[in-house]
Amino acid sequence: MRLRTLPFFGVLLLAGLAAHGQQRPIPQPTELTGTDVDAWLDGYLPYAMHTGDIPGAVVVVVKGGQVVTARGFGYADTKQRTPVDPERTLFRPGSVSKLVTWTAVMQLVERGKLDLDADVNTYLDFRISPRDGKPVTLRQILTHTAGFEEQAKHILFYDPKDLRPLGELLKSWTPERIYAPGSTPAYSNWATALAGYVVERISSMPFEDYVEREIFTPLRMRTATFRQPLPPALASQMSAGYLKPGEPSRGFELIGPAPAGALSASGLDMARFMLAHLHDGELDGQRILAASTAAAMHDSSLARVDRASLVPPLNRMELGFFETDVNGREVIGHLGDTSAFHTSLHLFLKEDVGLYVSFNGTGRSGAAQTLRGALFHDFADRYFPDVGPAEGRVDASTAARHAQLMAGIWQNSRRSESNFFAALSLFGQTKVAAGDKGQLTINALTGLNGRPREWVEIAPFVWRDRDGHDRLAAQVEDGKVVRWSMDLISPFMVFDRVPAAKSRAWILPALYVALAVLLLTLLSWPIGWGIRRWCRKPLALAAPARLAYHGTRATAGLVLAVLAGWAATVTAMLGDLKHAGGGFDAWLWLLQALGLAIFVAAVGVTLWSARLAWRDGRGWGGRCWSVLLALSCGLVLYVAARFGLIAVTTNY
């Protein structure tokens, strides 16, 4: 039996619960048969895919040790009109690949070659520094609580020339550990790749060789491989991936940290992987895990996750899998995304059912990611409806008070801090507010209809999406909300309050004002020149003041030019992850060097100009503007230093 609840941090207000313990009407489940699920999928997916502009999909359902259905929808290649074949067509399941990596790690744990709680440096040929005197452990890596910041460089590209050996990639940069070990879930592809490298070193063979010998061959997963590029025998079976609707495929996506997401496999091969895990590590007489090891991977009470990283009663990490519980059912799984492919895998443990779906295109406005979640929930509602007691309801006045305690600016735990990607966290901070009727309002969290979700408080500091399955919950310490998350992401990601020094609440408005001041200062240069030329009047300033006049306008232009360069660079890199590689390194070095020199110089020049303006007794307008200009340059330097624009690194 899995541990389902833990006490909240701090004292919870228990007054105001309504309808507690009332029994809701019991819905009648539909029997899960091949005939019924095929008919349901035929009525569900084609229209959804057409309206979402998604080229193709594969869906597999297993139950009771058998494949109930394996279906292909749409096209593996839109140009050739090649249909998706669930037996032959290979899809890229992205981070669902991690489940294979975790299985490999647990095989070596089972054999006594790895210890989940040992310093991971024991198994490496390079060193990861401790944080707070504590090392990284494999248990933390499997539960995404090792504390690493996000890594984006070399994550995905298309040119095989950019592929690097796993060890070389990992040794090129160790992301900073920005959280105390075990304290905070923060999803990490780099850490997963590190676990794959441990497998490689302990087994004395390449990672892709190990998983083929120890997992794919015993399970007869004949199309499954981590090899990049694909072997010639499989390359012809690979589905194209479509990043944007109406655009041709950009080719086979290459994953730098391969153990974190480089798997290619057919739908039926993923069915065999699900069946093995549903049956305690065994399939067709071939065992890849002992039953006790499989149980440890599937049961959060055995995973020994540090309680400090949890937000009860939300879903939790297992050892590699994470909970995706729905309708009171114990469900574990994983999601996966490349640029083009979007995948989900869910195992209904007690029902002995698995659901796998993968799309080969992002679709319109990210339709594939929305559809995979809706498909999972609607599948659960049809075949495994909720039969538990009705949820409670917190009274309106208490709910309004709790919503007010949630109000503020929050930041995602999955972020960068040591490089320019930290700037993205400034714009990505999430605002939580109490609405005019006391309701919890988070505009960044929208439902299938594109509107902000309506959250209903069902227990103290626990909310349910009125129109969906997701819950949101908060940690309370000393009467203050310090952390929150929601079911979809809580196993590997949380939101913490943003320190005032980094809050967008004041930084962004102030920055926009500063940019306006700099722009107006720059524009005043040619405009002033034009007016003086028209009126035939010289610039009536003495030599030092004249130099300051021109210097401030030149530095304003240079500051804006560097910031524009950053905006263009980041936009290009985010527009296509193929740019998140070494190709931009020279440009990044240039921007950081120029930024460091120009931002610091701008502060010096504008302070000098302000001093002259006040010393020479200029008008109040000129003196105040000189101070405002100096403050603007100071703010730009502050933001650049705080958010990594002058970090002097090309690691990110």
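Our structure's up above, just so we're on the same page.
Reading guide: rules and limits
Residues numbered from 1 in each chain as written. Predicted model: local features only at pLDDT ≥ 70, side-chain atom pairs only at ≥ 80, totals over all residues. Heavy atoms only, no water. Phe/Tyr/Trp six-rings, centres within 6.5 Å; stacked < 30°, edge-to-face > 60°. Helix = DSSP H or I, 4+ residues; strand = E, 2+ residues; numbered from the N terminus. Buried < 20%, exposed > 50% of the residue type's maximum accessible area, 1.4 Å probe, protein only. Lys NZ or Arg CZ within 6 Å of the ring centre and 35° of its normal. Pairing = 2+ DSSP bridges. Contact = heavy atoms within 4.5 Å. Axes fitted to C-alpha atoms, helices over the stretch in contact; angles between N-to-C directions.

Moving on: the packing of aromatic side chains. Geometrically, a pair of aromatic rings is defined through the distance of the ring centres and the angle of the planes. Following the criterion strictly, the structure yields 24 aromatic pairs and no others. On the numbers, 6.0 Å between centres and 40 degrees between planes, the contact of Trp506 with Tyr638 is tilted. Here the residue Trp506 occupies a position in helix α14 (residues 504–535), and Tyr638 occupies one in helix α17 (residues 620–642), the gap between them amounting to 132 residues. The exposure class of Trp506 is partly exposed, given its relative accessible area of 37%. With a relative accessible area of 28%, Tyr638 lands in the partly exposed category. By the ring-pair criterion, three or more aromatic residues cluster together here, those being Trp40, Tyr44, Phe348, Phe376, Phe379, Tyr383 and Phe384. The ring of Trp614 has Arg623 lying over it, and the distance from NZ or CZ to the ring centre is 5.0 Å. Note that Arg623 overlies the ring of Trp620, its terminal NZ or CZ placed 4.2 Å from the centroid.

Further remarks concern the sheet that holds strand β22 (residues 480–486). The sheet built from eight strands is open, its strands ordered β18-β17-β16-β23-β22-β21-β20-β19 with antiparallel pairing. Each edge of the sheet is formed by a strand with only one pairing partner; in this case those strands are β18 (440–441) and β19 (455–459). With two bridges joining them, strand β17 (residues 430–434) and β18 adopt antiparallel strand pairing. From the neighbouring strand, Ala434 faces β18, where its bridge partner is Leu440.

What the seven strands build is an open sheet, ordered β4-β3-β2-β14-β13-β12-β11; its pairing is antiparallel. Edge positions in the open sheet fall to β4 (82–83) and β11 (322–323), since each of these has one partner strand only. Sheet topology places strand β12 (residues 331–337) next to strand β13 (residues 342–348); seven bridges connect them, and they run antiparallel. Note that in β13 the partner of Gly333 across the bridge is His346. Sheet strands in contact with helix α8 (residues 267–278) are β2 (56–63), β3 (66–77), β13 and β14 (353–359), and its direction is about 30 degrees off that of β2. Contacting β2, β12, β13 and β14, helix α11 (residues 367–383) runs over the sheet at an angle of about 20 degrees to β13.

Any functional reading would require information that these geometric values do not contain.
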